[in-house]
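Okay, here's what each chain looks like letter by letter:
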Amino acid sequence: MKDVGGDMGPRSLIRNQIEVSETRMRYGIAVLVPIFALVGVCSVFSDEGQNTPLRRLVALMVLFSTLPVAYLVSRIRFGSIWWNRDIGHHSVPRASTYFVLYADLGVTAVLATFASHELAMYGTALFAVISVYVAHFVRWPETVAHMIFTTCVIAVFGVLTWRQGYHDIAGILARAATSMIAVNATLVLLRSFSAGMLTSYRTQFANANRDPLTGLLNRRGFELWMQIAEEHEPGRSGVLLLDIDNFKAVNDGTGHDSGDTVLRLLSRRLERVVGPEAAVARTGGDEFAIAVRGNLALLTRLAETIRGEVDVGSDDVPITVSIGVAELAPVTRERLTGQELIKEALSRADKAMYAAKSDGRNRVVADRSEQ
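Quick look at the structure, then. This is a predicted model, so every value here is computed, not measured.

What about the overall build of the protein chain?
Across its full length, the protein chain holds 14 helices and five strands. Looking at the protein chain as a whole, 47% of its 371 residues are labelled buried. Surface summary for the protein chain: the accessible area is close to 18300 Å², and the carbon and sulfur share equals 61%.

What about the sheet that holds strand E5 (residues 364-366)?
Strand order across the open sheet formed by five strands is E2-E3-E1-E4-E5, with mixed pairing between neighbours. Both outer strands of the open sheet, strand E2 (279-282) and E5, are each paired with one neighbouring strand and no more. When strand polarity is set aside, the average angle formed by the axes of neighbouring strands in this sheet is 15 degrees. Across four bridges, the pairing between E2 and strand E3 (residues 287-293) is antiparallel. If you follow valine 280 over to E3, its bridge partner there is isoleucine 290. Set on the sheet, helix H10 (residues 219-232) makes contact with strand E1 (237-244), E2 and E3; between it and E3 the angle comes to about 10 degrees. Taken strand by strand, helix H12 (residues 256-274) contacts E1, E2, E3 and strand E4 (321-327), and its axis lies near 10 degrees from that of E3.

Criteria and thresholds
Counting from 1, residues in each chain are numbered in the order their sequence is written. A pLDDT threshold of at least 70 governs which residues receive local features in this predicted model, and a stricter bar of 80 or more applies before side-chain atom pairs are shown or counted, although totals over entire chains, interfaces and linings include all residues. For side-chain calculations, the full set of non-hydrogen atoms in the structure is used, while hydrogens and water are omitted. For the purposes of this entry, the term helix denotes a DSSP run of H or I that reaches at least four residues, the term strand denotes a run of E that reaches at least two, and both are numbered from the N terminus. Each residue is assigned to one of three classes by its accessible area relative to the maximum for its type, calculated with a 1.4 Å probe on protein chains only: buried under 20%, partly exposed between the two thresholds, exposed over 50%. Note that accessible areas follow from Shrake-Rupley with a 1.4 Å probe, and for residues the cover is restricted to the protein chains shown. Between any two strands, pairing holds if DSSP finds at least two bridges. A fitted line through C-alpha atoms represents every axis, and for helices the fit uses only the stretch in contact; the resulting angles, taken between N-to-C directions, go from 0 to 180 degrees. Any two residues whose heavy atoms approach within 4.5 Å at even a single point are treated as in contact.

Right under this line is the structure:
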């Protein structure tokens, strides 16, 4: 299947069926951003915090920046980011990566203003909260960068604590190790769980849209493909419905295994003839559907080509098909929703297909009621 508007592959079919309630997630994360600032506010009034005007200025600038950032975070579509994070999809917003960069640098900048590096060591535990976000909403390269950066920051503050006169090496190592484990172990565990959930969901949704015997789309996937295509690129398009002639006789005469072989063989031939521009589906026992862009004349020529390509004399079991053709009605486009328009076209193609069977089978009938 060719992408329509760059977004019509199998992943798009799955993504368009997922509705994630993001309101609590978005606002929850947005609220956490200024809450981080409370740590800096407390440090301003502490003897161990910012002890010079320049340090206070830097800390306050970072703290005040959390308010507009919190608003921007509340606008991010986290469901889409989570779904696409590891597949490099073009629709993954970079805002999530920029937010992690801001959070890591912002926390580091505020901690660097602390007069007490030991207190800054305690503050590095805030990176663990950022790691929870990273585990779900950024890709692997950014995840690794976050782990390396935060580990280095914790190590640097450990060295600075030692240089500041705190010479209990074991105590410094214990503090640093605690922060590193909290930051990195949390991330790895949550990332593994999140990846497992993603794999499971993707597999389940993909199977829900596919016919297990032929690997083609099923009726659900086919109608969804057409709906997305119509939303992305409305225009002249149509459907072909095919029914294998005398398929019951094939099953009764040669067995169901032979019938399954015929179905798989026909599937491959249909995909070869129509190419990546169209969607091919098995919508019933011996019924197939094709969605393709074009006017009724083009659709009818394609149907005749299919009919000729399917009927190969060398087949052990001869295959012929009756085909009904219908265009998505332009005259009803304004008064019907996209889904209603598709169902209406499928209904007309179905009637045309049965007309082809009634006329003697192995022929094409085009619906012209909307002409």
